[in-house]
Every structure is written in structure tokens, then in C-alpha cells.
Amino acid sequence: MAEIKDMQRLDDARRRFLTLPAVLFILAFAALPLLVVLAYSFMKPATYGGVEWQFSTEAYVGFLFQKDIFDDSLTFSSEYLLIFARTFLFGIATTVICLLIGFPTAYHMATRPPQTRNWWVLLITIPFWSNLLVRTIAVMFIIRDEGLINTILLSLGLVDQPVTMIFTDFAILLGLFYSFLPFMILPIYASLEKLDFRLVEASYDLYASRFQVLTRIIIPLTWPGIATGCLLVFIPSFGAYVTPLLLGGGRHLMIGDLIALQFGSSRNWPLGSAFSMILMAFVMLALFFQIRKNAGGVSHG
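Note that the structure is a prediction, hence the values are computed from the model and not measured. (Residues numbered from 1 in each chain as written. Predicted model: local features only at pLDDT ≥ 70, side-chain atom pairs only at ≥ 80, totals over all residues. Heavy atoms only, no water.)

### Quick look at the overall build of the chain
Quick reminder of the rule: Strands are runs of DSSP state E lasting at least two residues, helices are runs of H or I lasting at least four, and both sets are numbered from the N terminus onward. The quantity called the radius of gyration is restricted to C-alpha atoms. Its globule counterpart is 2.2 Å times the number of residues to the power 0.38. Only protein chains enter the accessibility calculation, which uses a 1.4 Å probe; a residue is then buried when its area is under 20% of its type maximum, exposed when over 50%, and partly exposed in between. In this description, contact between two residues means that some pair of their heavy atoms is separated by no more than 4.5 Å. With residues, only the protein chains shown are counted as cover, and all accessible areas are computed by Shrake-Rupley using a 1.4 Å probe. We count Lys and Arg on the positive side and Asp and Glu on the negative side, and we leave His and both chain ends out. Every charge is mapped onto a representative atom, which is NZ of Lys, CZ of Arg, CG of Asp or CD of Glu.
Assigned secondary structure in the chain consists of 13 helices and four strands. A globule of 301 residues ought to have a C-alpha radius of gyration of about 19 Å, yet the chain, at 25 Å, is considerably larger. Looking at the chain residue by residue over its 301 residues, the buried ones come to 29%. For the chain, the proportion of contacts with a sequence separation of at least 24, taken over those separated by at least 6, is 63%. When the accessible area of the chain is evaluated, it comes to approximately 18900 Å², of which 69% is carbon and sulfur surface. Counting 20 positive and 19 negative side-chain charges, the chain places the centres of these two groups 9 Å from one another.

As C-alpha cells, then:
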């Protein structure tokens, strides 16, 4: 027994040693930068960028209030709150559109013959072969006034002048949808591929309608993939920077652009850090509710 316990201890020590590089990597490149950003959010901004090492909560107060330059009185300001709300709506809209397009696409892929499914996965992942910046610029060339869509519309005589699509909310939503659609399709496809379609056939044999089969059989059994896809789309679209900057032209700020602005031309690092922490709090809250919901689903069978 003593020898078995010693061997178990050696195995445990070996496993801890093997995980040590990963733990150090996470601490150095994930936890430590977050702690730095958190510390910066409680500092005062320096004159030419950076921070002054004095404790202050001005950054978090400035999220909802604006200080008067004469008497230092605080008045409620909804500017930043509206930017966060707009970003949240963009994230929700992107997630919903990706789900409406991604679920039928994933279902089509999962119901193809096994020898052709890999080709469908390849087609879905082709956009990842290029950089996000390149893909966003490609969208710009398609929807600009002299782009492909307006050229076709003008040549067919459907419009008399180019339709303005670039630098609008539509352009941002289109760019986010195009960028993150594969993140929705692939998790749902992974769940649908494991689905026992004999349950679907049995439901039809029991005279269930297509809507009943979809809502009572397919969606509940593939819910983990749907939830994962929604998170994988919502979280990056909530903090997107390149797509709103290029397709929005700087006229429609989102959280990512606002944070970059604080660290750039505004030179208010504490405020940018506070915005980053608030953004992370929203994301962690969404993850918490999703994990709690999944745990509840598992515990109740």
C-alpha cells in the first residue's frame, strides 16, 4: 500500500510539473496584464499619457457622470452609456442573425453524406485563411459607392444613384456578421453531427410536425452547441475594434473604438482601463449565466 501511495504521489507531482509551463504562461500573459489594467483604472491620468500613481475612482465616476470644470460638480452624462448600449445591441443583433443563418447551414452540413461533410467544413473555414483586416477591407470594396453591389444595381437600372451603405450601422452589422458567422456554424455542426437522427424519424412516425420536431427534439439536444456558438459570436462582436472602425468610419463608436481612443488621442489611460474592466465584467457576467444554465440543465437531466 505504501508503494502504491508513493507512486500516486509521484504521478501527481509529475502532472503538476507538466502543467507548470501552462500555468506560468497564463499568469504572465493573461492574469498579470489584467491586474495592470485593473490597477491603472484606479489611477489618475498623466498629462501626456500614462498614469499618475495616485489612487482615484475618477475613471469609474466618469463613466456615468461629467465633472464641471469650474465647481467640480457632477452631472449625469449618458454618452458613454449609450455607446455601451449600442455595442450591446450590435452584439445581440449579430448573434441573432448568425444564429438564424448558421443553424440551417449547420443542419444542412450535418445531414450530408459523411464523405462530403469535410468539404463543407473546409468551405466554412476558408475565410479564416486570411486576416480579419483583409476580410473587412474586402467588405468595404463590395459595399462602397463604386463597389460590386452598387455597380450591379446601377447596371440593372434598379437605382439611379449609388446606395450609401458604407460608414453606416448596416455596414458594421454586415462586417460583424461576415466575420463571426463561422463561430456560430461550427459548434452547432459539432452538436448536430452527434445527434441521433433516429429520434427525429421516430418523432415523424408519431405524427409530430416539423416545428414540434425542431423545438422539442433538435434544439434541446443541440442546445450546448447553440449556446457555445452564441457566446463565441457575442463576446468578440461585443469587443470588436477593426470592423466598426473601418466600416463605420469612426462615426459610429463601439466599446473597442472608445477604449482605443482613450489610450490614443485622448491620452486618458485610467478611463480606457476602466472601460476595459467594465467590458470584461459584462462578458464574465454573460459567461456566468451561461455556465449556470448549462449546469442546471445537466443536473436536471
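### Considering the nonpolar core
The nonpolar side chains of a soluble globular protein tend to be buried, and buried together. Defined as follows: In these notes, a set of buried Ala, Val, Leu, Ile, Met, Phe, Trp, Tyr and Cys residues joined through side-chain atoms within 4.5 Å is what counts as a nonpolar core.
Counting residues in each nonpolar core, the largest one holds 25 residues, and the members touching the most others are Cys98, Ala106, Leu176, Ile185, Ile188, Leu192 and Ile218. For this core, the secondary-structure elements that each account for two or more residues are α3 (79-110), α7 (169-193), α9 (210-221) and α10 (223-238). Setting aside its immediate chain neighbours within four residues, Ile185 contacts Gly102, Thr105, Ala106, Met109 and Ile124. By size, the runner-up hydrophobic cluster in this structure holds 15 residues, among which are Phe63, Phe84, Ala274 and Val283.

### Re α10
As a reminder, the rule being used: Multiplying one less than the number of residues by 1.5 Å gives the expected span of a helix.
Between its first and last C-alpha atoms α10 spans 22 Å; for 16 residues at 1.5 Å apiece the expected length is 22 Å, and the two agree. Along α10, the residues that are buried comprise Gly225, Ile226, Ala227, Gly229, Leu231, Val233, Phe234, Ser237 and Phe238.

### So, unusual backbone geometry
The phi dihedral of Phe167 is positive, around 60°, even though this residue is not glycine. Examined against the element boundaries, Phe167 turns out to sit in the loop between α6 (148-155) and α7. A relative accessible area of 28% means that Phe167 is categorised as partly exposed. For Arg267, which is not a glycine, the phi torsion comes out positive at approximately 55°.

### Quick word on the packing of aromatic side chains
Basically, it comes down to this: Two rings belonging to Phe, Tyr or Trp (six-membered ring only in the last case) form a pair when the distance between their centres is within 6.5 Å. Interplanar angles under 30 degrees mark stacking, angles over 60 mark edge-to-face geometry, and anything in between is tilted.
The final tally for this structure, using the stated rule, is 20 aromatic pairs. A centroid spacing of 6.4 Å and a plane angle of 90° characterise the contact between Phe88 and Phe238, whose relative ring orientation is edge-to-face. Taken together, the residues span a long stretch of sequence, with Phe88 in helix α3 and Phe238 in helix α10 at a distance of 150 residues. Classification of Phe238 by relative accessible area gives buried; the value is 1%.

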